[in-house]
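# What the coordinates show
Read off the chains here:
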Amino acid sequence: MSALIGQQLQGGKYTLDEELGRGGFGITFKATHHFLGQTVVIKTLNESLRHEPDYADYQRKFQDEARRLALCVHPNIVRVSDFFIEAGQAYMVMDYLRGPNLEALVFPNQPLPEAIAIHYARQIGSALKVVHQNGLLHRDIKPQNIILRQGTQEVVLIDFGIAREFTPGSTQNHTSLISAGYAPIEQYLSEEKRTPATDVYGLAATLYALLTARVPTASILRDRQPLPDPRELRPELSAATNQAVIRGMAVDVGYRPASMDEWLALLPDAPSIPAAPTPSLSQPAAFVPPTPTAATLAVGQRSPQRPQLPNGSVQQPDKTLAGAPATAPRQNRYLLPLLLGALLLTMLGTALIAAFYKPETPTEVIVEEPTPTPSLEPSIAASPKPLPPSPSPLSEEPPEVERSPEPSVEPSVEPETQGDDRPSTQVPAIPGFPVGTSEREVEAALGKPAQTNKGAWGDTRTALYEVVPNAVTLAYIYDRTSGKVRQTEASFAQSVDTLQMKVALNNMTGGQAGDILDDLEQVKQRKVNEYSFRKGNLKGVIQRNSSDRIYIGVWDANLHD
């Protein structure tokens, strides 16, 4: 329990009543605004950070988040009502939103009706237009960051913690923090051109999740693990909605709508979508599994239109029409023979068409998404170089250690068969941390290390995590003074999926992996045993060690001098 619970702030104006959630950096409280008799949310920095050397930087970033939120005034964006610093601690006051987030509403198996999912997407799209007009990118659009107001069909966007300012079309350096499945490929790169298309991808991916109750395949993995179309999972979805999701999630930013207005224009109007009741957390929405006939659905085929109500919802059919009419006409004595005759003619016509006519392929257009080719300068050394002479936390045969707490990361990808015909090991997504990451951030994701030791280089210490026993081991060399990572390492069994290794490598290099990912593939396929590389102020190596494990090490270029 936080020591702040029960504390009064601003001379008794607020009382912190209950902790709602915490991360490595922030804590959110449910609080009472006594002067107005209202429940509010108060967010502040984790009190344990006050002893960190970078506390002033944390405070500045926290104030930046409050300022960004205050700029964006919109009914579908959480409202900041106050901000103050008391006893050296910064506090942000926001509206308290009663209701579940969309992740809790949809997962694990409660996909939303199409009309409702689009209704929510349009609201968030409208909010993001205001965000972009203020020169900001939210960068973390996902179901977890969207709250459904209790008793309404209104959704609200929250959490501007990693929002950043941008200049359209210019190359800028942003931290490569991502939510796997909802972040576009360019967000994995620390230096890239920044545009609203980043949030277009996040909102399209969110709509995908709301419609399918599945986390989309991470953009960085989609060259090897295709993303199923929404209609492959729910054939009853309209072609227009399917196409809007596909376009919005184009891997190559050049194929993606450049603005939120462009993407919202692709979504169908409510009258063209079959209506359905709002699902509750206890009553799953109907889910239609994929069938072999999904690909044969005609383009533009829609359900009969229903009138739209003033509030934007779709009018339900009158229940009195569900059965037979109140007054049925007298049966015509010729009706049965006529029906039988029509049926025979239909069967004969169908047989003739089947014999002489070959149907054309459906005309639905699917946008082809070429594999992204980030424009990073190649810097792989032509010939392999040996590892630094001093030992690293990961020996060639990792020691037996107790299993550390499971990291709170995204679900793993489906296993696939590797080139050597051995099935890959299904593991959690590996949260590789780059050089410069604070020890607090690592421990917030991975927990306490299973093993720590004095470092071999200068004033350093090491930490070892056995993330997946006999499959994935992570290790970090920290500077004792700053508490930040100077070398980041990972060791993978050959059976671990290559895609998982690529995501980890990209994160370990701070989003600068680029062409190094191809070199990892070469080592994985046993075409070479080692690659050394340099990227800016980083050096690194990818090698197969004597235990037939793939070792990746990335370090501060000055560490071993």
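Our structure is the block above this text.
To start, this report covers the structure provided alongside it. The shown structure was predicted, so the numbers you read here are calculated from the model rather than taken from an experiment. (Residues numbered from 1 in each chain as written. Predicted model: local features only at pLDDT ≥ 70, side-chain atom pairs only at ≥ 80, totals over all residues. Heavy atoms only, no water.)

## Observations regarding the packing of aromatic side chains
- For the structure shown, the criterion picks out 6 aromatic pairs.
- What links up through ring pairs into an aromatic cluster is the set F433, Y465, Y476 and Y478. (Phe/Tyr/Trp six-rings, centres within 6.5 Å; stacked < 30°, edge-to-face > 60°.)

## Notes on the sheet that holds strand β5 (residues 80–86)
- An order of β1-β2-β3-β4-β6-β5 is seen for the 6 strands of this open sheet, with the pairing classed as antiparallel. Taken across any chain shown, the strands that pair with only one partner, and hence form the sheet edges, are β1 (8–9) and β5.
- Across 5 bridges, strand β4 (residues 38–45) lies against strand β6 (residues 89–95) in antiparallel orientation. Across the sheet, residue T44 finds its bridge partner in β6, namely Y91.
- In this fold helix α1 (residues 55–71) packs onto β4, β5 and β6, with an angle of close to 25° to the strand it touches most, β6. (Pairing = 2+ DSSP bridges. Helix = DSSP H or I, 4+ residues; strand = E, 2+ residues; numbered from the N terminus. Contact = heavy atoms within 4.5 Å. Axes fitted to C-alpha atoms, helices over the stretch in contact; angles between N-to-C directions.)

## Focus on helix α3 (residues 114–133)
- The end-to-end C-alpha separation of α3 is 28 Å, in line with the 28 Å expected for 20 residues at 1.5 Å each.
- Once α3 finishes, G135 follows within two positions and takes phi at roughly 70°, a positive value. (Expected span 1.5 Å × (residues − 1).)

## Section: the sheet that holds strand β17 (residues 530–535)
- Strand order in this open sheet of 7 strands is β13-β14-β15-β16-β19-β18-β17, and the pairing throughout is antiparallel. The open sheet has two edge strands, β13 (451–454) and β17, and neither has a second partner. For this sheet, the mean inter-axis angle between neighbouring strands, taken without regard to orientation, is 15°.
- In this structure, strand β15 (residues 472–479) lies alongside strand β16 (residues 485–493), joined through 7 bridges in antiparallel fashion. Residue Y478 lies in a different strand from β16, and its bridge partner there is V485.
- Packing of helix α10 (residues 498–508) onto the sheet brings it into contact with β16, β18 (538–544) and β19 (549–556), and relative to β16 it is tilted by some 175°.

## A word on the pairing of strand β14 (residues 460–468)
- Counting buried positions along β14 gives 8 out of 9 residues, so the element sits mostly inside the fold.
- Relative to β14, β13 runs antiparallel, the two being bridged by 4 bridges. Among the inter-strand pairings, Q451 is bridged to a residue of β14, identified as L464.
- Hairpin connection from β13 to β14: 5 residues lie between these consecutive antiparallel strands, with G458 at a positive phi of about 55°.
- Note: β14 against β15, 8 bridges, orientation antiparallel. (Buried < 20%, exposed > 50% of the residue type's maximum accessible area, 1.4 Å probe, protein only.)

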